[in-house]
Amino acid sequence: MEEDIESKEKNNTRELITLPKGHRAIGVKWVYKTKKNIDGDMKDTRNDLWLNAKSKGKALTIKNYLEEEVYVEQSLGFMVKNHEDKVLRLRKALYRLKQTPRVWNSCVDKYFQDNGFTRCLHEYALYLKVHFNKDILLVCLYVDDIFFTGNNPSLFEDFKKDMSHEFVMTNVGLMLYCLGLEVNKMEEGIFISQESYTNEILKKFNMLDCNLVNTPIERGTKLSKLDNGEKVDSTFFKSVVGSFRCLTCTIPDILFAVGVVSRFIEAPTSTHLKVARRILRYLKCTIDFGLFYSSSSDFNLMEHCDNDYTGDIYDRKSTIGFVFFLGDSVISWSSKKQSIVTLSTCEAEYALVKKSVYHDRSKHMDPRYHFIREYIAKKEVELKYVKSHDQIADIFTKPLKVEDFQRLRSNLGMKKKNQN
């Protein structure tokens, strides 16, 4: 606690004054947090009055001055003698203050752009800096966590040194665990999984001792909003389905099944819940699976796309799926029911290609045809026929037989931990 107070004094964060008339001081309290590692064991205990903004591997104190006048009470045990009736006026933003996200984002965005970084137009939290010798540095910002990588390790030390001039930081080294993601770096590449988070979900829904299944959704499964099964608690069903969403960033093979059960969260029945529970049983079976990214010099961009024509028995809309590879590494995937009813498989395929390249920016089918045709004419996009046996996108559009599912899952780059 003493260190926290000293840090705020050192950074000229606040000043002691008499509370002006017409203003109210915000109450404060000490918060004690126990941090755990991947295995759930206690890592350390931390106490804060106002939590400093933290980056991945670093603890930050935001130096930007506040535009508004904010007053807080003195904390118990650290009141200034003979001035107990006074309050603290904040000069700078502190964590847990409602103004902090805006101040912090403005601060760090200005810092990066003033120092030669370019913000990604499609992902505002991603910044890129290209040096004169073509070395690159990538920096990703998630709230108050910062991750960085590049093609030259010497850039890392320079970046940390430069950031330290602007922010108070503490480096914790390579990323091993963050936001439920477990990162295992090895000589052959990087393995990313969510085993710990999956265990938490199984424990939460009492499925640790469940029977195992080899696929997340059984072949031939057709669900409908007109199902006559017994009604179940929609809040519980939403909790189950919502838990799956965070897993799909490292377990893409459950994406289609999750998308299917997500269509019934407003009025779920026992039939829908049975399918959701099957996903939990599959997660238990593949709890040690994850995505493996191998070291490679292949940077060709390739997409597999397909659709299950009029697959929804309720409204006859098609389910589209696509997956992008950079070399042999999967980088993006999607499974989604189309917003329109297509009248032919050809129309559905054109809508799919348009959606995976250009998203939902045009309203009519005719512009979609011309859009993709222009890119093909420019030779910026090349279309190739893929046999059903090799169509990886099938795993995102329909329930499959066990052997087909496991083959396509492997083609996605999914494997067991420590599997050669």
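Note: the structure precedes this text.
Remember, predicted model here, so these are calculated numbers, not experimental data.

## Let's talk about the overall build of the protein chain
Secondary structure assignment for the protein chain yields 10 helices and 19 strands. Within the protein chain, buried positions represent 41% of all 420 residues. Summarising the internal contacts of the protein chain: among those between residues at least 6 apart in sequence, 64% fall at separations of at least 24. Counting every atom, the protein chain has about 24,400 Å² of accessible surface; 51% of that belongs to carbon and sulfur.

## Thoughts on the sheet that holds strand 11 (residues 145–150)
With antiparallel pairing, 4 strands are arranged side by side in an open sheet as 8-9-10-11. Because the sheet does not close on itself, it has two edges, and the strands there are strand 8 (118–119) and strand 11. In this structure, strand 8 lies alongside strand 9 (residues 126–130), joined through 2 bridges in antiparallel fashion. In the sheet register, R119 faces strand 9, and the bridge partner there is Y127. Each of strand 10 (136–142) and strand 11 is contacted by helix 3 (residues 154–166), which is oriented at about 150° to strand 11, the strand it contacts most.

## A word on the environment of E84
Topologically, E84 is positioned in the loop between strand 6 (71–72) and strand 7 (87–90). Owing to a relative accessible area of 42%, E84 belongs among the partly exposed residues under this scheme. Between the alpha carbons of E84 and Q74 there is a distance of 7.7 Å; along the sequence they are 10 residues apart. Residues contacting E84, with those up to four places away along its chain left out, are Q74 and M79.

## Focus: the sheet that holds strand 18 (residues 329–337)
A sheet is described by the order of its strands in space; here 3 strands give the open sequence 16-17-18, paired in antiparallel fashion. Every interior strand has two partners, whereas the edge strands, strand 16 (301–308) and strand 18, have only one. Recorded for the sheet is a direction-independent mean angle of 10° between the axes of neighbouring strands. Bridge count between strand 16 and strand 17 (residues 319–326): 8 bridges; the pairing is antiparallel. Note that in strand 17 the partner of E303 across the bridge is F324.

## Focus: the state of the cysteines
All chains considered together, the criterion is met by 0 disulfides. C285 takes part in no disulfide bond, and the closest cysteine sulfur to it belongs to C210, at a distance of 9.2 Å. Using a relative accessible area of 26% as the deciding quantity, one classes C285 as partly exposed.

Cut-offs applied
- Residues numbered from 1 in each chain as written.
- Predicted model: local features only at pLDDT ≥ 70, side-chain atom pairs only at ≥ 80, totals over all residues.
- Heavy atoms only, no water.
- Helix = DSSP H or I, 4+ residues; strand = E, 2+ residues; numbered from the N terminus.
- Buried < 20%, exposed > 50% of the residue type's maximum accessible area, 1.4 Å probe, protein only.
- Contact = heavy atoms within 4.5 Å.
- Areas by Shrake-Rupley, 256 points an atom, 1.4 Å probe, with all protein chains shown as cover.
- Pairing = 2+ DSSP bridges.
- Axes fitted to C-alpha atoms, helices over the stretch in contact; angles between N-to-C directions.
- Disulfide = S-S within 2.5 Å.

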